[in-house]
Amino acid sequence: MHKLLTRWRNRRLWVRLALGFGALVVMMVLVVVLAVTQFQSLAAASEQSMGRDLQRMLRVQQVRHHAQGHGSAMALLLTSPRIERERIYPAVDAEYAEIDRLLAELAQEISAPESTRRLTDLTQRRTQYRETFAEVVTLIEGGDPSSASAMFFRLGQPALLALVEASDALLASEQAAVAENQRALQSQIARSEWQLAALALVALLLAALLAWRTTLRVARPLRLAQLAAQKIAGGDYSARVQVRGEDEIGKMAQAMNAMAQAVASREADIEQLAYVDRLSGLPNRNMLRRLARDLSPNRLSVIMMDVARLRTVNEILGFEAGDSLLTQIAQRLRSVVSSQLEQGRDQVLARLAGGVFTILCVEMDREAVERLRGRIEEVVATPMVCNGHEVDVQLIYGLSDATPAPGMDATGLLLCAELAIDECKRLKRAWAWHVPLDDKLRARQLSLLSSLRRAAGGGELEMWLQPKQCLVSGHISGMEGLVRWRHPERGLIAPGEFIPFAERTGHIGVVTRAMVEAALITLARWSDGFPELTVAVNVSTLDIRDALFVDHVRALALRHKAPLAQLRFEITESSLMDDAERVLPVLNALRELGIRFSIDDFGTGYSSLAYLSRLPVSELKIDRSFVAGADTTGAAEALLRTIIDVGHSLGMAVTAEGVETAGELALLARLGCDQAQGYLISRPLDPAMVQNFLLNRQPKQCADAPCGGV
Ligand code: C2E
Ligand code: MG
Ligand code: MG
């Protein structure tokens with residue numbers, strides 16, 4: 001039974017509905033057919049019995065009628081002469097024969113006990129009457145009419161009357177039997193009505209049961225499916241439609257559950273893509289923000305790390321090497337963070353973009369944060385091998401916490417750490433805490449800025465010169481002009497204090513013009529004694545975007561009668577990349593004046609070598625971070641060699657900045673670097689000392705020296 005039920009439940013819904021409704025229709029048809037046949041048979045039966053009843057009653061009445069006819073004929077016999085009697089006898093016999101025939105037929109037809117009894121009585125009465133009238137006839141034919149008459153009136157007429165009464169009694173009994181039959185028929189009709197009503201009720205119950213089952217099997221699961229769908233739409237992917245079975249609803253439930261699972265796994269994938277960095281497998285910026293949202297900002301500190309020279313590794317060793325470097329750095333950082341976690345410190349390590357990693361530290365004071373930074377420094381100190389090349393990793397750290405601005409949120413802290421990294425890069429420092437520009441400092445910078453124009457006009461902006469040495473001849477090939485502000489109240493101000501601010505606020509042009517003029521005056525002065533020497537001026541991106549800049553330089557050169565062929569402009573990689581389309585025509589116009597260009601701090605920006613090769617650049621200045629200690633580690637030496645080779649392959653002279661030791665100088669010479677600049681050769685010289693320096697270091701002109709044209 002249970003098996004049968006299960007098979008029924010698992011049958012397809014449409015089959016079950018079709019079977020159910022089919023059964024219902026069959027029931028209904030059955031009820032109708034039954035009703036019609038019942039009523040037809042009842043009608044036929046009642047018609048038949050009524051016909052028979054009527055005939056029987058007619059016969060009983062005919063018996064009465066023939067008995068009376070026989071009596072009348074007998075009376076006629078009594079008074080008629082012989083000849084007349086001969087004519088009457090056949091009629092008397094015919095009447096009597098009719099009575100006999102009718103009684104014989106009634107004996108066949110009557111079945112009711114009362115009527116049977118009455119018929120027997122009638123038959124006896126007829127026999128008595130026949131005996132009487134037989135004796136009367138004998139007396140008549142014996143010629144004794146008076147005895148015959150006396151006998152007829154004494155015995156014959158009472159016998160006839162009894163016969164008539166018996167037939168009346170039979171008629172009454174038959175009428176009662178007919179009435180009884182009618183009643184039986186009525187009750188049979190009533191029974192049939194009840195039967196049909198019961199059958200209709202069963203069909204109705206079956207229909208109700210079917211409707212209830214259908215509702216249960218269709219409406220309830222659909223309601224459950226709707227609830228589950230609402231939950232899934234609300235993000236609860238664990239919700240499942242609790243409907244079993246193999247019918248259409250069961251299949252729909254299975255499909256919905258499969259869909260919920262698919263949506264959940266797809267959402268997990270999206271979540272993974274949205275919140276996890278694919279390269280390192282670390283949380284990304286979004287994830288970091290999400291995690292930080294739940295933490296109190298006052299308890300947070302941020303260590304942000306930027307992988308120095310990543311761009312150079314990408315450019316020179318390829319992106320695969322860059323990716324491998326980042327993966328290895330991520331692994332090492334992860335090892336530091338997990339050891340910290342073991343010590344119960346709550347930290348989140350994330351990769352934000354490119355070479356920028358961040359650690360969000362919870363409940364750590366500045367000392368602990370700095371210790372952690374030191375630990376990271378130790379861990380990344382060992383060179384990493386990428387694509388078969390050893391690479392030295394240097395991280396620049398920006399640190400921030402809520403100490404300067406209590407209540408600052410995690411996003412604010414991340415921004416501060418980023419600013420601290422910028423500050424480090426600008427000041428060439430390895431790490432720094434973010435120091436917000438306080439009102440005093442801001443006011444100081446603003447007041448400096450407002451007095452910058454006056455300073456330029458009043459000769460407060462001095463150009464100090466740092467020599468560049470040719471590594472082939474050993475001679476000084478030129479000098480880089482570095483601004484110093486001799487402030488009447490504050491003394492000598494280094495460029496780091498006002499150049500970035502002047503660049504950000506668009507005031508750098510004042511400095512550039514002053515420096516270009518100073519460089520041209522110097523070149524004009526040297527044109528007699530040291531005509532081969534060059535002077536390089538640091539030019540900012542804003543200068544080369546200035547449409548009047550080219551004319552201004554030309555006019556100054558004319559005014560001071562200075563050789564523009566000895567003027568160099570140093571531009572940082574980033575400024576070249578900033579606005580490539582606008583920069584190129586200006587560079588070409590300046591190049592036509594004879595000025596040559598150098599790329600400053602190469603390796604720290606994001607330049608594309610393919611793009612650099614399209615620029616009119618003749619010198620590549622390697623940032624000092626690549627030079628420092630290059631003679632002591634193999635990896636740094638390999639990188640330096642590659643950069644020098646790349647510079648040469650682009651047709652550029654290569655100058656190394658920040659050379660501080662003889663070892664570095666010897667290495668650079670060995671690697672084929674063209675020039676060197678740095679404290680080892682000379683610190684930047686104030687204008688008064690330049691002449692002496694040249695006289696000591698440059699005993700004779702070296703116009704033919706290999707570096708003379710650079
Ligand atoms: P830069 O153009 O890369 O200049 C080289 C900087 O490195 C100079 O710092 C110089 O003093 C320093 N330096 C040279 N040799 C060594 C060395 O052996 N070891 C170390 N540790 N440092 C060395 P300075 O003069 O403070 O200039 C800093 C930056 O300021 C310059 O970097 C340049 O970007 C900018 N700057 C300087 N003068 C001007 C200027 O007139 N105009 C513009 N736009 N920027 C300028
Ligand atoms: Mg420079
Ligand atoms: Mg530089």
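Fair warning: this is a prediction, and the values are worked out from it, not measured in the lab.

*Asks:* Is there a simple way to think about the site of ligand 1 in this case?
*Replies:* The environment of ligand 1 is made up of 21 residues, and the closest members are Gln466, Glu480, Asp600, Glu660 and Tyr679. For ligand 1, an oxygen atom lies 3.1 Å from a polar atom in the side chain of Asp601. Taken by itself ligand 1 offers 790 Å² of open surface, and the protein chains cover 83% of this. Taken together, the elements giving at least two residues each to the shell around ligand 1 come down to β9 (476-487), α14 (495-504), α15 (508-529) and β13 (596-602). Among the elements that make up the shell around ligand 1, the one with the highest residue count is β9 (4 residues). Looking at the shell around ligand 1 residue by residue, the class counts come to 9 nonpolar, 4 polar and 8 charged.

*Asks:* Help me out: how do you make sense of the environment of Leu590 in this one?
*Replies:* One can find Leu590 in helix α19 (residues 580-592). Residue classification places Leu590 among the buried residues on the basis of a relative accessible area of 0%. Considering only alpha carbons, one finds Leu590 and Val63, 527 residues apart in sequence, at a separation of 156 Å. Those residues in contact with Leu590 that lie beyond four places of it in its chain are Ile544, Phe549, Val550, Phe569, Ile595 and Phe597.

*Asks:* Would you take a moment to explain the coordination of the magnesium ion (ligand 2) for this structure?
*Replies:* Under perfect tetrahedral coordination by four donors, a metal shows angles of 109.5 degrees; under perfect octahedral coordination by six donors, it shows angles of 90 or 180 degrees. For the magnesium ion (ligand 2), every protein donor is listed as Glu480 (OE), Asn538 (OD1), Glu570 (OE) and Asp600 (OD), and the spread of their distances is 2.1 to 2.3 Å. Considered as a linear motif, the donors of the magnesium ion (ligand 2) on their single chain read E-x57-N-x31-E-x29-D. The distance between the magnesium ion (ligand 2) and the magnesium ion (ligand 3) is 3.8 Å, with Asp600 acting as a donor to both metals. Of this pair, Glu480 sits in strand β9 while Asn538 sits in strand β11 (residues 534-538), placing them 58 residues apart in sequence.

*Asks:* Help me understand the layout of surface pockets, please; the structure alone is not making it clear to me.
*Replies:* Which parts of space are left empty comes out when a probe the size of a water molecule is rolled across the atoms. If you add up the space inside the second largest pocket, you get close to 480 Å³. Among the elements that make up the lining of the second largest pocket, the one with the highest residue count is α15 (9 residues).

*Asks:* Would you mind going over the confidence of the model for the protein with me for this structure?
*Replies:* Low pLDDT means the predicted coordinates in that region are not meant to be read closely. Averaged over all residues, the pLDDT of the protein equals 85, while 93% of them reach at least 70. Mean pLDDT per element in the protein: helix α18 (residues 573-578) is the minimum at 65, and strand β16 (residues 675-677) is the maximum at 98.

*Asks:* How do you make sense of the sheet that holds strand β3 (residues 356-362) when you look at a structure like this?
*Replies:* The strands making up a sheet are joined through hydrogen bonds of the backbone, oriented either antiparallel or parallel. An order of β2-β3-β1-β6-β7 is seen for the 5 strands of this open sheet, with the pairing classed as mixed. Pairing within the sheet leaves two strands with one partner each, and these edge strands are β2 (347-353) and β7 (431-433). Across the sheet, the axes of successive neighbouring strands diverge by a mean angle of 15°, strand direction being ignored. Seen against the sheet, helix α7 (residues 285-293) touches β2 and β3 and runs at an angle of roughly 145° to β2.

*Asks:* I keep staring at the environment of Cys416 and nothing clicks. Help me out?
*Replies:* Turning to its location among the elements, Cys416 is positioned in helix α11 (residues 410-427). Separated by 15 residues in sequence, Cys416 and Asp401 place their C-alpha atoms 8.4 Å apart. If we ignore the near neighbours within four places in the chain, the residues touching Cys416 are Ser400, Met408 and His434.

*Asks:* Explanation requested: the coordination of the magnesium ion (ligand 3) in the structure shown.
*Replies:* Bound to the magnesium ion (ligand 3) on the protein side are Asp600 (OD), Asp601 (OD), Glu657 (OE) and Glu657 (OE), at distances that span 2.0 to 2.6 Å. Between the donor residues of the magnesium ion (ligand 3), the gaps in sequence give the motif D-D-x55-E. Look at Glu657 and you get buried, because its relative accessible area is 10%.

*Asks:* Please clarify how the pairing of strand β14 (residues 617-622) should be interpreted in this entry.
*Replies:* The side chains of a regular strand alternate, residue by residue, between the two faces of the sheet. Buried residues dominate β14, accounting for 5 of its 6 residues. One ladder, built from 4 bridges, connects β13 with β14; its direction is parallel. Looking at the pairing, Phe597 lines up with Val617 of β14. Bridge analysis of β14 against strand β15 (residues 653-656) gives 4 bridges, and the strand direction is parallel. Pairing of Lys621 across the sheet is with Thr655, part of β15.

What counts and what doesn't
Residues numbered from 1 in each chain as written. Chains lettered and ligands numbered in written order. Predicted model: local features only at pLDDT ≥ 70, side-chain atom pairs only at ≥ 80, totals over all residues. Heavy atoms only, no water. Near = heavy atom within 4 Å. Polar contact = N/O pair within 3.5 Å; in protein donor to acceptor, adjacent residues only side chain to side chain. Areas by Shrake-Rupley, 256 points an atom, 1.4 Å probe, with all protein chains shown as cover. Helix = DSSP H or I, 4+ residues; strand = E, 2+ residues; numbered from the N terminus. Nonpolar A, V, L, I, M, F, W, Y, C, P; charged D, E, K, R; others polar. Buried < 20%, exposed > 50% of the residue type's maximum accessible area, 1.4 Å probe, protein only. Contact = heavy atoms within 4.5 Å. Donors = N, O, S within 2.8 Å, 3.2 Å for Na, K, Ca; no water. 1 Å grid on protein atoms, 1.4 Å probe; cavity = no way out; pocket = protein on both sides within 12 Å on 5 of 7 lines; lining within 4 Å. Points joined across faces, edges and corners; volume = space filled by probe spheres on them. pLDDT = per-residue confidence, 0-100. Pairing = 2+ DSSP bridges. Axes fitted to C-alpha atoms, helices over the stretch in contact; angles between N-to-C directions.

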